[in-house]
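Given next are the chains, with one letter for each unit.
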Amino acid sequence: MKLYLGELEELVLLTVATLGDHAYGVSIQQEIESRCNREISIGALHSTISRLEDKGFLKSWLGGATAERGGRSKRFFELTPSGKKALNETKSLRDELWRLSQLKWSGAK
Amino acid sequence: MNPQPPKLARQFFDWYCGHAPVDDLAGDLEELFLLRVAQKGIFQAKLFYWKAVFSLLFSYAIRRRKKARKLSYKPAFGLWGNYLKVAIRNLYQYKYFSLLNAFGLAIGMSVSLLLISMYSYISTYDDFHEHGEDIYSITTTRTEGIETIDYASAPLAVADKINTEFGGAAEVIRIYNSFVGEVVFERENIPIRGYYVEPDFLETFTFPLLHGDPSALSQPNRIVVTESTARKLFNSTEVVGKLMELKNQGLFEISGVMRDYPKNTHFRFEALVSFSTLPTHFISETERWTQYQNQFVYVRLNQQADPQLLQEYLTALADQSTYQSDIKVRYAVQPLDEIVTAENYNGIGPKWEISGFIVFGIIALLILLPACFNYTNISIARALKRSKEIGLRKTLGGLRQQIFIQFLTETVVITLVALVGALGIFLLIRTEFQSMMVEAATLDLGITLKTALLFLIFAVFTGLIAGGLPALHFARLNPIQALRSKVSNSIFSTLGIRKGLTIFQFALSFCFVLSLVVFGRQYNTLLHFDFGFRKDNLITVDLRNTNPELVRSEFSKLPGVQSVSLSSGTPALSNSRIWVHDPAGDSLEVTQLFIDENFIADFNLKVVRGQANPPVEKNERYVLVNEQFLEATNISPEEALGKTCRVEGNELVIQGVIRNFHFAPPQVPIGNFIFRFNPDHFTQANLLVNSTDAFTLFTALEKTWKELGDNLPLQAQFLDAALQDSFLVYRYLLKMAGFLGLLALSVSLLGLLGMVVYTSELRLKEVSVRKVLGADAWSMTYLLSKDYLKLLTWAILLGIALSLFIYQTIFTRIPDYQTHLTVWDVLIGCVLLLGLGLLTIATQTYKAAKTNPAEILKME
């Protein structure tokens with residue numbers, strides 16, 4: 001079965017990829033907030049992350065305890081190969097559509 | 001100090017997530033909170049925190065983790081298996097204590113098993129009737145002055161009224177339970193008894209017929225017999241249509257053979273006779289309302305009818321139909337399944353009053369609770385030994401409830417082991433116990449699936465009670481203190497309660513021991529009780545419709561028989577009461593016995609005044625009275641002779657005065673008594689014999705009886721044997737007290753043993769050091785035993801007080817009770833209890849005191 005990526009899912013996956021070794025709940029949220037100017041509740045974020053884990057696009061591991069979090073550990077996320085593949089497929093599908101469309105890409109400044 | 005997120009929200013979050021791994025989420029929440037505090041201040045941050053918590057609660061993230069947790073929790077069953085394994089290993093490791101505990105609990109539970117099996121059987125009474133739920137019996141409460149009596153029966157007239165006036169009844173069954181007959185056979189007549197019932201009886205109650213049809217009882221002189229009665233009478237069950245002759249009652253046609261009914265019904269009969277056999281006016285019109293004896297009314301209501309309606313009708317009925325104004329009568333509806341346990345008189349069959357169960361239950365608890373308590377006591381006391389294990393478990397992440405369950409499992413396992421032991425004791429005492437019960441034949445204490453299940457539940461329940469407290473105690477241990485072998489002081493704060501309970505246990509045992517001594521003496525006294533008449537060398541023979549004069553003359557001829565007298569009963573065993581008018585004309589209740597002229601001499605009764613051989617004749621003229629009679633009527637013995645008293649319309653002349661003797665059982669005080677000389681009432685012959693060869697004598701008796709007897713077997717027995725049998729209840733009480741005392745005492749001693757073994761072990765080091773410093777074994781034994789000696793002394797003091805109280809409140813209420821509590825009884829009890837207690841303590845403490853100090857101290 002082909003797994004589709006939702007818009008938020010794609011955003012989260014890309015953010016995780018962007019953050020590299022520092023992708024955990026709060027950092028992902030802050031990143032999305034600052035980059036997209038989009039408020040996303042921690043609940044909604046973790047729901048999406050959980051779904052992505054279900055789909056096998058993300059994997060996670062527990063980090064060590066940290067002082068500023070009341071001694072609680074962080075759970076770090078990382079893209080799996082299939083997660084990367086799904087992002088690639090989404091991008092190529094978009095590119096294809098862009099190419100075929102009458103729109104003109106105005107490019108990033 | 002950093003600002004803290006709202007505590008409540010965090011707790012709520014933790015609670016909601018349970019055991020799901022959400023540490024990282026909580027961390028995220030906290031981090032965000034701190035960020036917010038920095039940006040917008042504490043209040044906003046708190047608000048935000050709440051919002052975030054809720055957003056998480058409803059998120060898929062938590063749902064997913066909880067689900068995953070649940071799936072991974074699957075080996076939870078494995079955890080139970082682990083509890084079990086650890087429990088068994090622990091019990092095995094401490095074999096001695098496990099055995100001690102199991103044994104104590106087994107003893108404690110055995111009596112309860114009896115109670116449970118009994119109650120579970122009683123609760124099945126009459127549950128096999130198809131219409132059982134709709135069947136009610138009518139009971140009567142009769143109040144005359146301040147005396148209120150509850151009867152299980154009701155006047156038959158009530159049945160007629162319900163039939164005609166009350167609409168909701170499907171069937172109304174009248175039962176007259178005094179059918180007694182003698183089936184005539186050539187060789188020997190066979191008595192049968194049963195009920196007169198209406199034809200519908202067989203349909204209302206589920207008593208299926210083997211042969212014959214349900215309308216079997218629709219006509220007069222029809223009889224339905226049970227399978228076993230048919231076998232007894234004719235050796236066959238194919239007897240429908242057969243005619244049988246009942247002596248003095250005519251011919252009856254057997255119209256049905258009923259399958260034998262199960263034991264668990266409140267009916268008891270051998271035969272059912274059609275109600276129409278009774279003459280229409282077998283009781284008078286007024287008696288139909290005022291007579292309760294032997295008459296029973298059962299109503300089967302229409303399905304789903306409300307019994308309340310019938311109750312209302314009966315209340316109204318009682319109000320309008322009062323025949324005697326000073327007597328108040330109330331009728332009540334009683335469901336079929338409550339009949340057997342109801343508290344009332346005059347029941348149609350066996351009765352198992354609920355109050356009996358309550359008393360029995362209390363006794364069972366008195367045995368069970370000390371056993372449970374011993375377990376609790378020993379377990380908590382041994383906390384020190386186990387505290388390291390618990391501390392380690394807790395440090396490694398053992399949760400409080402896990403440790404709690406661990407210890408409960410241990411207890412439940414031990415109670416299950418104890419159940420096996422208890423079952424053994426139960427099987428051992430079952431028959432004996434049943435033989436002591438009056439209604440034993442109606443009880444089946446076999447183990448069914450239901451009782452087995454109840455036993456199991458009971459064992460687990462006992463385990464929970466006994467193990468709850470120690471489990472809670474262990475679960476709450478502080479791991480740090482536990483690992484440092486510092487047992488918290490909370491155990492020792494309960495020391496007072498523990499001591500108190502131990503004392504109470506021993507006091508209880510003391511009471512049992514004491515009652516054993518008292519019952520024993522009472523029984524012994526009764527066996528040698530001087531009734532005031534001859535008991536030995538007398539044989540009583542039931543006359544059973546033979547000609548008394550003929551019996552007397554024939555029996556007199558037998559070798560070894562000195563003399564034969566006739567009477568209406570045996571003194572001390574049977575007597576009838578009657579109201580007479582004394583010489584002054586006042587009415588007086590007296591006990592009477594009809595005798596002939598040989599009786600006084602044969603029974604060795606003393607005649608104080610006058611003569612004792614008036615003529616025996618149908619229109620009697622003379623009477624003998626006892627001294628008590630004269631005292632009650634204020635006549636001096638000198639002037640008594642020649643006075644008359646009116647008995648049943650006849651003026652009888654007092655011909656002699658008899659010295660007081662016990663005409664009733666010893667516990668009944670000597671009351672007014674008269675001897676009468678009417679030959680119509682003779683029912684037994686009393687043979688004064690001098691033969692020592694009882695066998696030859698009885699063979700001769702049998703032979704003579706065959707010639708005289710009215711086709712019925714000979715019923716003869718020695719008077720002293722019959723009297724002994726009448727004291728059977730005391731023997732049973734003796735046995736019961738002895739057995740219960742044994743149980744209570746064993747439980748207490750086991751508890752004591754456990755405690756002594758434990759404390760001696762605990763103080764081994766102290767003992768060793770003392771010994772090294774020069775103490776000898778005996779002083780050490782004393783040191784270790786001292787505390788327990790004190791406990792025993794207190795227990796005995798309490799026991800004496802308790803038994804004195806029991807004696808004062810119960811025994812003194814039994815009139816003319818022969819035995820009194822003496823100093824000797826108390827002393828015997830003390831010596832027994834102290835002896836056993838000391839033996840238990842000393843063996844263990846001496847063993848501890850004798851150990852080689854080098855063995856103990858070499859590791860130090």
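The structure displayed is predicted, hence computed values, not measured ones.

## Quick notes on the overall build of chain B
Turning to step 1, where the next piece is worked out: The number of helices and strands found in chain B is 29 helices and 22 strands.
Turning to step 2, where the next piece is worked out: With 860 residues in all, chain B has 48% of them scored as buried.
Turning to step 3, where the next piece is worked out: For chain B, contacts bridging at least 24 residues in sequence account for 80% of all contacts bridging at least 6.
Turning to step 4, where the next piece is worked out: Split by element, the accessible area of chain B, about 41700 Å² in all, is 59% carbon and sulfur.

## Things to note about the overall build of chain A
Turning to step 1, where the next piece is worked out: On a plain count of helices and strands, chain A comes out with four helices and two strands.
Turning to step 2, where the next piece is worked out: Starting at the N terminus and ending at the C terminus, chain A contains elements arranged as α-α-α-β-β-α.
Turning to step 3, where the next piece is worked out: Pairs at least 24 residues apart make up 48% of the contacts formed inside chain A by residues separated by at least 6 positions.

## A few points about the pattern of salt bridges
Here the idea is simple: oppositely charged side chains can pair when their charged atoms come close.
Residues and elements named next belong to chain B.
Turning to step 1, where the next piece is worked out: Enumeration over the complete set of coordinates arrives at 31 salt bridges over all chains.
Turning to step 2, where the next piece is worked out: Lys-557 is the salt-bridge partner of Glu-554, the closest N and O atoms lying 3.0 Å from each other.
Turning to step 3, where the next piece is worked out: For Lys-557, a relative accessible area of 61% translates into the label exposed.
Turning to step 4, where the next piece is worked out: Salt bridges sharing common partners tie together Glu-549, Arg-552, Asp-596 and Glu-597.

## Things to note about the confidence of the model for chain B
Turning to step 1, where the next piece is worked out: Residues with a pLDDT of 70 or more make up 94% of chain B, whose mean pLDDT is 82.
Turning to step 2, where the next piece is worked out: Taken as a whole, residues 488–493 of chain B scores under 50 in pLDDT and shows six contacts with residues more than four places along the chain or in a different chain.

## Focus: the side chain of Thr-124 of chain B
Residues and elements named next belong to chain B.
Turning to step 1, where the next piece is worked out: Along the polypeptide, Thr-124 turns up in the loop between helix H6 (95–122) and strand S1 (135–144).
Turning to step 2, where the next piece is worked out: What makes Thr-124 buried here is its relative accessible area of 15%.
Turning to step 3, where the next piece is worked out: Beyond its immediate chain neighbours, meaning those up to four positions away, Thr-124 contacts Asn-264 and Lys-450.

## Examining the side chain of Arg-65 of chain B
Turning to step 1, where the next piece is worked out: Along the chain, the position of Arg-65 of chain B falls in helix H4 (residues 60–72).
Turning to step 2, where the next piece is worked out: With a relative accessible area of 9%, Arg-65 of chain B lands in the buried category.
Turning to step 3, where the next piece is worked out: In terms of polar contacts, Arg-65 of chain B uses its side chain to reach the side chain of Asp-24 of chain B, at 2.7 Å.
Turning to step 4, where the next piece is worked out: For Arg-65 of chain B, the residues in contact, after removing those within four places along its chain, are Arg-75 of chain A together with Ala-20, Pro-21, Val-22, Asp-24 and Leu-25 of chain B.

## Here we look at the packing of aromatic side chains
All names here are of chain B.
Turning to step 1, where the next piece is worked out: Summed over all chains, the structure comprises 47 aromatic pairs over all chains.
Turning to step 2, where the next piece is worked out: When the ring of Phe-166 is compared with that of Tyr-313, the centres are 5.5 Å apart and the planes differ by 35 degrees; the resulting orientation is tilted. Taken together, the residues Phe-166 in the loop between helix H7 (156–165) and strand S3 (169–183) and Tyr-313 in helix H11 (residues 307–320) connect sequence positions 147 residues apart. Considered together, Phe-166 and Tyr-313 belong to a single accessibility category, that of buried residues.
Turning to step 3, where the next piece is worked out: Plain terms: the ring middles of Phe-673 and Phe-675 are 4.8 Å apart, the flat faces sit at 85 degrees to each other, and that makes the pair edge-to-face. Taken individually, Phe-673 and Phe-675 each receive the classification buried, so the pair is uniform in this respect.
Turning to step 4, where the next piece is worked out: In this structure an aromatic cluster arises from ring pairing among Phe-128, Tyr-195, Phe-201, Phe-205, Phe-207, Tyr-261, Phe-267, Phe-269 and Tyr-298.

## Overview of the pairing of strand S4 (residues 190–197) of chain B
Turning to step 1, where the next piece is worked out: Alignment of S3 of chain B against S4 of chain B, held across seven bridges, turns out to be antiparallel. Its bridge partner being in S4 of chain B, Glu-182 of chain B is matched across the sheet by Pro-191 of chain B.

## Considerations on the interface of chain B and chain A
Accessible area lost during the coming together of the parts is what is often quoted as the interface size.
Turning to step 1, where the next piece is worked out: At the junction of the two partners, chain B supplies 23 residues and chain A supplies 23 residues.
Turning to step 2, where the next piece is worked out: The contact between chain B and chain A buries some 2000 Å² in all, and 49% of this surface belongs to carbon and sulfur atoms.
Turning to step 3, where the next piece is worked out: Counting the contacts that link chain B with chain A gives four salt bridges.
Turning to step 4, where the next piece is worked out: Residue Asp-23 of chain B is joined to Arg-72 of chain A by a salt bridge in which the shortest nitrogen-to-oxygen separation is 3.2 Å.

## Considering the sheet that holds strand S12 (residues 538–542) of chain B
Residue and element names in this part refer to chain B.
Turning to step 1, where the next piece is worked out: On the basis of which strands lie adjacent, the open sheet formed by four strands has the order S13-S21-S12-S22 and antiparallel pairing. What marks the edges here is a single partner per strand, and that holds for strand S13 (561–567) and strand S22 (716–718). Neighbouring strand axes in the sheet, compared pairwise and without regard to direction, differ in orientation by 25 degrees on average.
Turning to step 2, where the next piece is worked out: As judged from the five bridges shared by S12 and strand S21 (residues 684–689), these two strands associate in the antiparallel manner. Bridge pairing in S21 places Val-541 opposite Ala-685.
Turning to step 3, where the next piece is worked out: Contacting S12 and S22, helix H24 (residues 719–726) crosses the sheet at an angle of about 80 degrees to S22.

## What to know about the environment of Asn-537 of chain B
All names here are of chain B.
Turning to step 1, where the next piece is worked out: Its place among the elements puts Asn-537 in the loop between helix H18 (495–527) and S12.
Turning to step 2, where the next piece is worked out: Given the relative accessible area of 35%, Asn-537 is considered partly exposed.
Turning to step 3, where the next piece is worked out: When residues no more than four places from it in sequence are discounted, the contact partners of Asn-537 are Leu-687, Leu-688 and Val-689.

## Regarding the nonpolar core
Turning to step 1, where the next piece is worked out: By size, the foremost hydrophobic cluster in this structure holds 78 residues, and its most contacted members are Met-109, Met-118 and Trp-352 of chain B.
Turning to step 2, where the next piece is worked out: In terms of residue count, the dominant contributor to this core is H6 of chain B (15 residues).

## So, the environment of Arg-38 of chain A
Residue and element names in this part refer to chain A.
Turning to step 1, where the next piece is worked out: Along the polypeptide, Arg-38 turns up in the loop between helix H2 (25–36) and helix H3 (42–55).
Turning to step 2, where the next piece is worked out: Residue classification places Arg-38 among the partly exposed positions, given a relative accessible area of 28%.
Turning to step 3, where the next piece is worked out: Contacts of Arg-38, omitting those with residues within four sequence positions, involve Glu-7, Leu-8, Leu-11, Ile-32 and Glu-33.
Turning to step 4, where the next piece is worked out: Engagement of the side chain of Arg-38 in a polar contact is seen with the side chain of Glu-7, the distance being 3.0 Å.

## Re empty space enclosed by the protein
All names here are of chain B.
Turning to step 1, where the next piece is worked out: Tallied over the entire structure, the rule returns three cavities of 30 Å³ or more.
Turning to step 2, where the next piece is worked out: Of the voids in this model, the largest cavity is the one considered here, and its volume is about 180 Å³.
Turning to step 3, where the next piece is worked out: Lining the largest cavity are 18 residues, and of these Tyr-375, Ser-379, Arg-382, Arg-386 and Glu-410 sit closest to its centre.
Turning to step 4, where the next piece is worked out: Put simply, the parts of the chain that give the lining of the largest cavity at least two residues each are helix H5 (76–93), H6, helix H12 (354–381), helix H14 (400–436) and helix H15 (449–475).

## Re unusual backbone geometry
All names here are of chain B.
Turning to step 1, where the next piece is worked out: Within the chain, Asp-126 stands out as a residue other than glycine whose phi angle is a positive 55 degrees.
Turning to step 2, where the next piece is worked out: When you line up the elements, Asp-126 lands in the loop between H6 and S1.
Turning to step 3, where the next piece is worked out: Judged by its relative accessible area of 3%, Asp-126 is buried.
Turning to step 4, where the next piece is worked out: Notably, Asn-221 is not glycine yet its phi reads approximately 55 degrees, a positive angle.
Turning to step 5, where the next piece is worked out: Its location among the elements puts Asn-221 in the loop between strand S5 (209–211) and strand S6 (222–226).
Turning to step 6, where the next piece is worked out: Given the relative accessible area of 26%, Asn-221 is considered partly exposed.

## What about helix H4 (residues 81–100) of chain A?
An α-helical turn contains 3.6 residues, so any two residues separated by three or four positions project in the same direction.
Residues and elements named next belong to chain A.
Turning to step 1, where the next piece is worked out: Between the first and last C-alpha of H4 there are 28 Å, a value that for 20 residues agrees with the 28 Å anticipated at 1.5 Å per step.
Turning to step 2, where the next piece is worked out: Among all positions in H4, only Gly-83, Ala-86, Leu-87 and Thr-90 are buried. The buried residues of H4 occupy one face: seen down the axis, they fall within an arc of 100 degrees. Across from the buried face of H4, at angles greater than 90 degrees, the exposed residues are Pro-81, Lys-85, Asn-88, Arg-99 and Leu-100.
Turning to step 3, where the next piece is worked out: In the core, the buried residues of H4 are packed alongside helix H1 (7–19) and strand S2 (73–79).

## Re the confidence of the model for chain A
Turning to step 1, where the next piece is worked out: Taken residue by residue, chain A gives an average pLDDT of 85. The fraction at 70 or more is 94%.
Turning to step 2, where the next piece is worked out: Averaged pLDDT values for the elements of chain A fall to 84 in strand S1 (residues 58–65) of chain A and rise to 91 in H1 of chain A.

## Section: the packing of H3 of chain A against helix H3 (residues 42–57) of chain B
Turning to step 1, where the next piece is worked out: It is at 7 Å that the axes of H3 of chain A and H3 of chain B come closest, and there the two elements cross at 30 degrees. As far as their axial angle goes, H3 of chain B and H3 of chain A are roughly parallel. With respect to the hand of their crossing, H3 of chain A and H3 of chain B are arranged in right-handed fashion. Here Ile-42, Gly-43 and His-46 of chain A of H3 of chain A lie close against H3 of chain B, whose contacting residues are Ala-52, Ser-55 and Leu-56 of chain B.
Turning to step 2, where the next piece is worked out: Here the contact of H3 of chain A with H3 of chain B is composed, by residue class, of three nonpolar, three polar and no charged.

## Regarding the packing of helix H26 (residues 764–772) of chain B against helix H28 (residues 823–850) of chain B
Residue and element names in this part refer to chain B.
Turning to step 1, where the next piece is worked out: At a closest axis distance of 9 Å, the pairing of H26 and H28 adopts a crossing angle of 55 degrees. Here H28 runs oblique to H26, going by the angle between their axes. Within the contact between the two elements, H26 uses Leu-764, Val-767 and Lys-771 and H28 uses Ala-848, Ala-849 and Lys-850.
Turning to step 2, where the next piece is worked out: Per-class residue counts for the contact of H26 with H28 are four nonpolar, no polar and two charged.

Reading the values: rules and limits
Residues numbered from 1 in each chain as written. Chains lettered and ligands numbered in written order. Predicted model: local features only at pLDDT ≥ 70, side-chain atom pairs only at ≥ 80, totals over all residues. Heavy atoms only, no water. Helix = DSSP H or I, 4+ residues; strand = E, 2+ residues; numbered from the N terminus. Buried < 20%, exposed > 50% of the residue type's maximum accessible area, 1.4 Å probe, protein only. Contact = heavy atoms within 4.5 Å. Areas by Shrake-Rupley, 256 points an atom, 1.4 Å probe, with all protein chains shown as cover. Salt bridge = Lys/Arg side-chain N within 4 Å of Asp/Glu carboxyl O. pLDDT = per-residue confidence, 0-100. Polar contact = N/O pair within 3.5 Å; in protein donor to acceptor, adjacent residues only side chain to side chain. Phe/Tyr/Trp six-rings, centres within 6.5 Å; stacked < 30°, edge-to-face > 60°. Pairing = 2+ DSSP bridges. Buried area = accessible area lost by both parts, 1.4 Å probe. Axes fitted to C-alpha atoms, helices over the stretch in contact; angles between N-to-C directions. Core = buried A, V, L, I, M, F, W, Y, C linked by side-chain atoms within 4.5 Å. 1 Å grid on protein atoms, 1.4 Å probe; cavity = no way out; pocket = protein on both sides within 12 Å on 5 of 7 lines; lining within 4 Å. Points joined across faces, edges and corners; volume = space filled by probe spheres on them. Expected span 1.5 Å × (residues − 1). Arc of directions from axis to C-beta. Parallel < 35°, antiparallel > 145°, perpendicular 65-115°, else oblique. Left-handed = near helix turned anticlockwise from the far one by under 90°. Nonpolar A, V, L, I, M, F, W, Y, C, P; charged D, E, K, R; others polar.

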